[in-house]
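Analysis of the macromolecular model
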Amino acid sequence: MPSRLKDNINSRYFEAANALKSKQSRHRIVAYVESYDDIYFWRTVLSPFENDKRYFEVMLPSKMNLTRGKKSVLMNFLEGEPLGRDMIACVDADYDYLLQGRTHTSKQVLNSPYVFHTYVYSIENFQCYAPSLHDVCVSVTLNDHRIFDFRDYFQQFSVAIFPLFIWSIMVYRNGNYPKFTISDFNRIADPGGFNVQVPEPSLANVRRKVDVKVRDLQRQFPNAKEEYLALKQELKDLGVTPQTTYLYIQGHHLFDTVVAPILSKVCNLLRQERQQEIYFAQAHKTQKRNEMSCYENSLQDVKVMLKKNNGYLQSEPFLRLQADIRKYLEELSIRGA
């Protein structure tokens with residue numbers, strides 16, 4: 001069966017199923033997401049909007065095959081009639097939000113009333129929300145000692161990469177991205193050897209690499225100054241400030257290459273600190289051994305706890321996303337859905 005016909009049948013099926021229910025039954029809205037990891041995140045987004053009249057069912061785009069990802073969601077449910085009041089698509093923004101309709105995919109993501117996006121690059125960026133990272137350390141180590149200022153570090157990191165990030169968005173907007181890819185940007189935005197007690201050298205390393213690449217891009221595009229300055233202001237208007245740029249870079253890079261290694265080093269120190277407290281405590285050997293065993297059995301994996309982190313709930317991009325869902329539901333209510 002052709003994909004477009006199948007999708008239209010799916011849409012009509014959900015509408016018909018809802019129509020058959022009694023007026024007292026809750027209205028089901030199916031939310032299609034990109035991957036298994038996205039299901040929990042979008043459940044977190046949508047749960048506050050469920051009530052005695054409606055509920056959401058978050059699922060992958062197809063049970064018939066293993067095709068996953070943003071392209072699958074958009075191709076399956078946007079190539080033809082729009083999703084409709086009974087089906088919505090929930091996707092990572094990637095660069096599509098900041099491209100502001102310069103590409104076909106960006107137009108689909110921004111213009112459809114039934115497509116919702118993260119504003120930040122992906123759900124991993126939310127999981128790496130700096131003000132919440134100390135809480136992740138506590139969940140991993142059960143030690144609440146603040147030995148590192150995550151908020152300050154990632155503000156400085158963001159300020160360092162902001163000038164180059166503008167170039168990254170600019171070349172993707174005007175089609176010159178082969179000359180400066182996201183992978184190129186990621187290599188430069190890697191802090192490298194990070195030291196918890198002395199983090200400044202890692203930031204200085206990023207600043208140095210950014211300066212070198214910016215000068216190179218200025219030589220390649222000598223007439224781009226006005227375009228660059230205009231885009232700089234536009235990105236700020238879209239919510240990308242010099243202090244929050246890390247939320248808009250590629251999420252997997254931020255998670256795996258930047259945040260997780262830093263968290264691991266901080267957590268190792270916190271774990272050692274707690275173990276030393278137990279070791280030097282005034283107690284007999286058996287009691288110390290039991291206490292140490294109990295503590296070590298309670299420790300958690302850094303990446304696992306980072307993936308479970310939901311300390312971003314009061315972040316500005318997340319509140320914008322929830323405002324979009326609220327507006328959509330208000331319009332449904334006006335139309336009597």
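Our subject is the structure listed above.
Residues numbered from 1 in each chain as written. Predicted model: local features only at pLDDT ≥ 70, side-chain atom pairs only at ≥ 80, totals over all residues. Heavy atoms only, no water.

**Points about the overall build of the protein**
A count of helices and strands for the protein gives 15 helices and four strands. Within the protein, buried positions represent 47% of all 337 residues. Long-range pairs, those at least 24 residues apart, make up 78% of the contacts in the protein between residues at least 6 apart in sequence. Carbon and sulfur atoms make up 51% of the accessible area of the protein, which totals about 17100 Å². (Helix = DSSP H or I, 4+ residues; strand = E, 2+ residues; numbered from the N terminus. Buried < 20%, exposed > 50% of the residue type's maximum accessible area, 1.4 Å probe, protein only. Contact = heavy atoms within 4.5 Å. Areas by Shrake-Rupley, 256 points an atom, 1.4 Å probe, with all protein chains shown as cover.)

**A few points about the packing of aromatic side chains**
Within this structure, the stated rule accounts for 25 aromatic pairs. Considering the side-chain rings of Phe 154 and Tyr 246, the 5.5 Å spacing of their centres and the 40° angle between planes classify their relative orientation as tilted. Of this pair, Phe 154 sits in helix α8 (residues 150-173) while Tyr 246 sits in the loop between α11 (225-237) and α12 (251-279); the two residues are 92 residues apart in sequence, bridging distant segments of the chain. The class of Phe 154 is buried, set by a relative accessible area of 1%. Centre to centre, the rings of Phe 165 and Phe 185 are 6.0 Å apart; their planes meet at 65°, and the pair counts as edge-to-face. Note that Phe 165 is positioned in helix α8 and Phe 185 in helix α9 (residues 182-188), a separation of 20 residues in sequence. There is no split in this pair, since Phe 165 and Phe 185 are both buried. (Phe/Tyr/Trp six-rings, centres within 6.5 Å; stacked < 30°, edge-to-face > 60°.)

**Topic: the nonpolar core**
Counting 90 residues, the largest nonpolar core has Phe 154, Phe 157 and Phe 165 as the members making the most contacts within it. Element by element, the count of residues in this core is highest for α8, at 15 residues. Apart from residues lying up to four places away in sequence, Phe 157 is in contact with Ala 189, Pro 191, Leu 203, Val 206, Tyr 246, Ile 249 and Val 258. Judged by nonpolar contacts, the second largest core, of 10 residues, contains Tyr 32, Leu 74, Val 109 and Val 115. (Core = buried A, V, L, I, M, F, W, Y, C linked by side-chain atoms within 4.5 Å.)

**Concerning α11**
The end-to-end C-alpha distance of α11, which contains 13 residues, comes to 19 Å, matching closely the 18 Å that a straight helix rising 1.5 Å per residue would cover. Regarding α11, the residues found buried are Tyr 228, Leu 231 and Leu 235. On an axial view of α11, the arc spanned by its buried residues comes to 65°, and they lie on one face. The exposed set on the far side of α11, more than 90 degrees from its buried face, consists of Lys 225, Glu 226 and Asp 237. (Expected span 1.5 Å × (residues − 1). Arc of directions from axis to C-beta.)

**Some details on the sheet that holds strand β2 (residues 54-59)**
Here we have four strands laid out as an open sheet, ordered β2-β1-β3-β4, and parallel in their pairing. Only two strands of the sheet have a single partner each, and these edge strands are β2 and β4 (115-117). Neighbour-to-neighbour, the strand axes of this sheet turn through a mean angle of 30°, independent of strand direction. In this sheet, strand β3 (residues 87-91) lies alongside strand β1 (residues 27-32) in parallel orientation, the contact comprising three bridges. Bridge assignment links Tyr 32 to a residue of β3, and that residue is Ala 89. Set on the sheet, helix α2 (residues 36-46) makes contact with β1, β2, β3 and β4; between it and β2 the angle comes to about 165°. (Pairing = 2+ DSSP bridges. Axes fitted to C-alpha atoms, helices over the stretch in contact; angles between N-to-C directions.)

**Quick notes on the pairing of β2**
Direction of pairing for β1 relative to β2: parallel, over a ladder of six bridges. In the sheet register, Tyr 32 faces β2, and the bridge partner there is Met 59. At this point the chain moves from β1, through α2, to the parallel β2, and the crossover so formed is right-handed. (Right-handed = clockwise from strand over helix to strand, strands pointing away.)

**A short note on the side chain of Ser 132**
Following the sequence through the fold, Ser 132 ends up in the loop between α6 (123-127) and α7 (133-141). Ser 132 gets classed as buried once you look at its relative accessible area, which sits at 2%. When near neighbours in sequence (up to four residues on either side) are disregarded, Ser 132 contacts Asn 309 and Gly 311.

**What to know about the pattern of salt bridges**
Counted by the stated rule, this structure contains 11 salt bridges. Across the pair Arg 43 and Glu 50 runs a salt bridge, and its minimum N-O distance is 3.0 Å. Residue class for Arg 43 comes out partly exposed when judged on its relative accessible area of 26%. The shortest N-O distance in the salt bridge between Arg 173 and Glu 234 comes to 2.9 Å. Placement of the pair is Arg 173 in helix α8 and Glu 234 in helix α11, with a sequence separation of 61 residues. Residue Arg 173 is classed as buried on the basis of its relative accessible area of 14%. It is possible to trace a salt-bridge network through shared partners that takes in Lys 213, Asp 216 and Arg 219. (Salt bridge = Lys/Arg side-chain N within 4 Å of Asp/Glu carboxyl O.)

**With respect to the environment of Gln 127**
Within the secondary structure, Gln 127 is located in helix α6. For Gln 127, a relative accessible area of 8% translates into the label buried. Taking the C-alpha atoms as reference points, Gln 127 and Val 259, separated by 132 residues in sequence, lie 9.8 Å from one another. Gln 127 has contacts with Leu 133, Phe 255, Leu 306, Lys 307, Asn 309 and Tyr 312, leaving out every residue within four places of it along the chain. Within the structure, Gln 127 has its side chain in polar contact with the backbone oxygen of Lys 307 (distance 3.2 Å). (Polar contact = N/O pair within 3.5 Å; in protein donor to acceptor, adjacent residues only side chain to side chain.)

**A few points about unusual backbone geometry**
One non-glycine residue, Gln 100, lies in the positive phi region at around 50°. Turning to its location among the elements, Gln 100 is positioned in the loop between α4 (96-99) and α5 (104-111). In this structure, Tyr 119 takes a positive phi of about 65° despite not being glycine.

The quantities given are spatial measurements derived from coordinates; they are silent on function.
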